[in-house]
Amino acid sequence: MPSLYIDGAWREAETGATRDITHPGDRSVIATVSEGGSADAQAAIAAARHAFDHGPWPTTPTPQRAAVLARVADLLEAERDDVARLEALDTGKRFVEAQLDMDDIVAVFRHFASLVQGEAGRVIDTGMPGISSRVVHEPVGVCALITPWNYPLLQTAWKVAPALAAGNTFVLKPSELTPQTSIWLMDALERAGLPAGVANLVLGTGQEVGSVLTGHPDVDLVSFTGGLATGKAIMASAAGTVKRVALELGGKNPNIIFADADLPAAIDNALTAVFLDSGQVCSAGTRLIVEENIHDEVVDELVRRAEAIRLGSSFDDDAETGPLISDEHRHKVHAYVTDAVAEGAVLRTGGTIPGGDLAQGSYFPPTILDGCTTSMRCVQDESFGPVLTVETFSGATRDEAEDAAVALANDTIYGLTGAVWTENAGRAERVAGRLRHGTIWINDYHPYVPQAEWGGMKQSGIGRELGSAGLHEYVETKHIWHNTRPAKAGWFADPSDNHEGN
Ligand code: TXE
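Scope of this entry: the structure provided in the associated data block.

What counts and how
- Residues numbered from 1 in each chain as written.
- Predicted model: local features only at pLDDT ≥ 70, side-chain atom pairs only at ≥ 80, totals over all residues.
- Heavy atoms only, no water.
- Buried < 20%, exposed > 50% of the residue type's maximum accessible area, 1.4 Å probe, protein only.
- Helix = DSSP H or I, 4+ residues; strand = E, 2+ residues; numbered from the N terminus.
- Pairing = 2+ DSSP bridges.
- Expected span 1.5 Å × (residues − 1).
- Arc of directions from axis to C-beta.
- Contact = heavy atoms within 4.5 Å.

Moving on, we come to the pairing of strand 15 (residues 367–370). Where burial is concerned, the two faces of strand 15 agree: the one with T367 and L369 and the one with I368 and D370 are both buried. In this structure, strand 14 (residues 346–349) lies alongside strand 15, joined through 3 bridges in antiparallel fashion. Bridging across to strand 15, T349 finds its partner in I368. Sheet topology note: the strand 15/strand 16 (residues 387–393) ladder contains 3 bridges and is parallel. In the strand pairing of strand 16, I368 is matched with L388.

Set out below in structure tokens:
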């Protein structure tokens, strides 16, 4: 079936190429889709450009734009299980997790539908008679939206919903590994009444399709979620035409446990923090930073609990987490663990590729590396797998302990998320205030709401998604100055004026 969506029509790739999509749980082929290339990307950009420059969408009143978003939310609610099934098949994640993703996506569309209707420019009081000065919001233009494979439709929704709400047109390039829910979204947008050319989908690789989108002069904005190295390449490519760039590049996120924490809650959440979705989560709490005097108690319990986590396929009701996205990715995660041990980390559990029934998929067990230090690569680099590193801190006084924990937690090039566990409210606020990460959880891990901004400091990225800032990424701000009593500026002498004394 043709699976590129360009200018309101489904098309095969210009070259006729296709790609088989495989289920990470058993490597079976679950779909065959069109594999776009440079020519398809160019066609999609041309359609989006035309729809922006000549189409009705950028100037469609916001209540009508919001209504389209709301209809997409309604469609997803009605088709939740079918779309969740596609997501589970593409990613290998558990079906129930995919269902929860769908609920989040509905909330994201509703959030931006509601937010955009309250958006207004502002009037400036210049204090000058006859002058009207106002600041107005306009869409940025053609957006290139490039998304990864771990939360395919969710991360797409974080970009598509605000881009459309603000009146932009776009070309979406999802990960080549997980395209099926993007195909559903294009169909849903068409059913929701979006005009042709506003939303375009080109499947294909980053090298073939992504690089055309990020360098093309007719693209005004690039929003990307993915790996750090790819993010740097995209920023460099976009610099050629000074595009607006928004990047979400993952993290190496500290989860700090003080001795005065509610330990059963902290330990249980430390497992969810890192092993949810087999660690393929940008905000995963991969760095456990634990106070020295509770280290043994906490780590022994984590090992016991990690060994009890049941791996299995998306539709196995007994499974608690699924496979990694591909064998290639698993190889990377495995090498990361092997290197960590060579660097001196102590492998407490996991670290080996499972056999038996699990041999049919790209599974990797929950893994805990103890005795880590910040100089180790396993503490600094994102493995994007189910791998927890453990570091300890201590201090003779209250302040020394907090200083030590904060110093470790901030000793990273990333800055996406972090958590602090303590029953001392003052300590919780002091530490949260000093962490250089975009989201901080106190006595919790992972929850988010679409009303609050999401994004990273330092090399975790540029800009914010969700919240109100997530809409403003897609908005241009224009100042309009209107002099209702035009008069000469009088700065430069006009020789033809009849000056007094001449
Ligand atoms: O991601 P890529 P990969 C991290 C994680 C993972 C690593 C690599 O550490 O191990 O990234 O994963 C497209 N121009 N995250 O290789 O390459 C690509 O086709 C334009 C963190 O799978 O970043 C896909 O659509 N686009 C992360 C998207 O970029 C290009 C989620 C992401 O792929 C491109 C996933 C190019 N030159 C991985 N090259 C998070 N922040 O949540 C690739 N792409």
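Taking 1.5 Å of rise per residue, the 13 residues of helix 10 (residues 295–307) would be expected to cover 18 Å, and the 18 Å separating its terminal C-alpha atoms lies within 8% of that figure. All of the buried residues along helix 10 are H295, V298, V299, L302, V303 and A306. Down the axis of helix 10, the smallest arc covering the buried residues is 130°, so these residues share one side. Exposed residues pointing more than 90 degrees away from the buried face of helix 10 are listed as D296 and R304. Next to the buried residues of helix 10 lie strand 12 (254–257), helix 9 (263–275), strand 13 (287–291), strand 14, strand 15 and strand 16.

Turning our attention to helix 11 (residues 327–342). With 16 residues, helix 11 ought to run about 22 Å at 1.5 Å a step, and its terminal C-alpha atoms sit 22 Å apart, in line with that. Of the residues making up helix 11, those classed as buried are H329, R330, V333, Y336, V337 and A340. End-on, the buried residues of helix 11 take up no more than an arc of 120°, which puts them together on one face. Seen from the buried face of helix 11, the exposed residues on the opposite side, beyond 90 degrees, are E328, H331 and A342. For helix 11, the secondary structure elements touched by its buried residues are strand 14, strand 15, helix 12 (377–380) and strand 16. Positive backbone phi, approximately 115°, marks G344, located one or two places after helix 11.

Purely geometric stuff here, so don't read any function into it on its own.
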